[in-house]
Amino acid sequence: VQLQASGGGLVQTGDSLTLSCATSARTFGNWALGWFRQTPGKERESVASISWNGGTTYYANSVKGRFHISRDNAKNTVYLQMNSLKPEDTAVYYCAADTYGVIDGVLKLYEIEYWGQGTQVTVSS
């Protein structure tokens, strides 16, 4: 299974950016999906998660109110809309999938079965 993330780039503080992650997997609509981020020397952090039907979402406190996760099951794509970006949001962002589908919080590392390749987001001050 391949998850293809895109949309990263270099932006300024306060800007917005939208990440996308697509797959050709036929069972995409059954999966819970999430976005994680990682900076050098730190553990990968879960920032946003969405249930299989989009009805439930969770966010890390550090991004709550600024980031929005959504999905389009017809397009096999999950999105992360990031607003009011800060320098501390600088990281490599990864999309991830849990085939279970139901979530009760942000997805944990051990729940992830498939990872995307990562896309760099850099926020300059």
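Shown above is the structure to which this text applies.
Residues numbered from 1 in each chain as written. Predicted model: local features only at pLDDT ≥ 70, side-chain atom pairs only at ≥ 80, totals over all residues. Heavy atoms only, no water.

A. Layout of the environment of Val92. Following the sequence through the fold, Val92 ends up in strand 9 (residues 91-98). According to the relative accessible area criterion, Val92 is partly exposed, its value standing at 22%. Separated by 63 residues in sequence, Val92 and Gly29 have C-alpha atoms that sit 25 Å apart. Ignoring anything within four residues of it in the chain, the contact list for Val92 reads Phe36, Arg37, Gln38, Gly118, Thr119 and Gln120. (Helix = DSSP H or I, 4+ residues; strand = E, 2+ residues; numbered from the N terminus. Buried < 20%, exposed > 50% of the residue type's maximum accessible area, 1.4 Å probe, protein only. Contact = heavy atoms within 4.5 Å.)

B. Focus on a nonpolar patch on the surface. Taken together, the side chains of Trp52, Tyr100 and Val102 define a hydrophobic patch exposed on the protein surface, amounting to about 350 Å² of accessible area. Considering the arrangement of structural elements, one finds Trp52 in the loop between strand 5 (45-50) and strand 6 (57-59). (Patch = residues over 30% accessible without salt bridge, like charges linked within 9 Å, V, L, I, M, F, W, Y side chains within 5 Å. Areas by Shrake-Rupley, 256 points an atom, 1.4 Å probe, with all protein chains shown as cover. Salt bridge = Lys/Arg side-chain N within 4 Å of Asp/Glu carboxyl O.)

C. Looking closely at the nonpolar core. Ranked by internal contacts, the top residues of the largest apolar core, which has 29 residues, are Trp35, Phe67, Ile69, Leu80, Met82 and Tyr93. Put simply, the parts of the chain that give this core at least two residues each are strand 3 (17-22), strand 4 (32-38), strand 5, strand 7 (67-72), strand 8 (77-82), strand 9 and strand 11 (119-124). Broken down by element, this core gets its largest block of residues, four residues, from strand 9. Among residues more than four places away in sequence, those in contact with Met82 are Asp15, Ser16, Leu17, Leu19, Arg66, Phe67, Tyr93 and Val121. (Core = buried A, V, L, I, M, F, W, Y, C linked by side-chain atoms within 4.5 Å.)

D. Fine view of the side chain of Ser49. Tracing the backbone through its elements, the reader meets Ser49 in strand 5. For Ser49, a relative accessible area of 0% puts it in the buried group. A polar contact is formed between the side chain of Ser49 and the backbone nitrogen of Leu107, at a distance of 2.8 Å. Beyond its immediate stretch of four places on either side in the chain, Ser49 contacts Leu33, Gly34, Thr56, Thr57, Tyr58, Ile69, Ile103, Gly105, Val106 and Leu107. (Polar contact = N/O pair within 3.5 Å; in protein donor to acceptor, adjacent residues only side chain to side chain.)

E. Inspection of the sheet that holds strand 7 at higher detail. Across the sheet, four strands lie side by side as 1-3-8-7; this open sheet has antiparallel pairing. Each of the sheet's edge strands pairs with one partner strand only, and the pair in question is strand 1 (4-6) and strand 7. Strand-to-strand, the axes of this sheet are offset by a mean angle of 15 degrees, without reference to chain direction. Alignment of strand 7 against strand 8, held across six bridges, turns out to be antiparallel. By the bridge assignment for strand 8, Asp72 is matched with Thr77. (Pairing = 2+ DSSP bridges. Axes fitted to C-alpha atoms, helices over the stretch in contact; angles between N-to-C directions.)

F. View of the state of the cysteines. Counted by the stated rule, this structure contains one disulfide. What pairs with Cys21 in a disulfide is Cys95, and their sulfur atoms sit 2.0 Å apart. Between Cys21 and Cys95 the sulfur-sulfur dihedral comes to about 55 degrees; the bridge is accordingly right-handed. On the criterion of sequence distance, the pair formed by Cys21 in strand 3 and Cys95 in strand 9 is long-range, its members being 74 residues apart. (Disulfide = S-S within 2.5 Å.)

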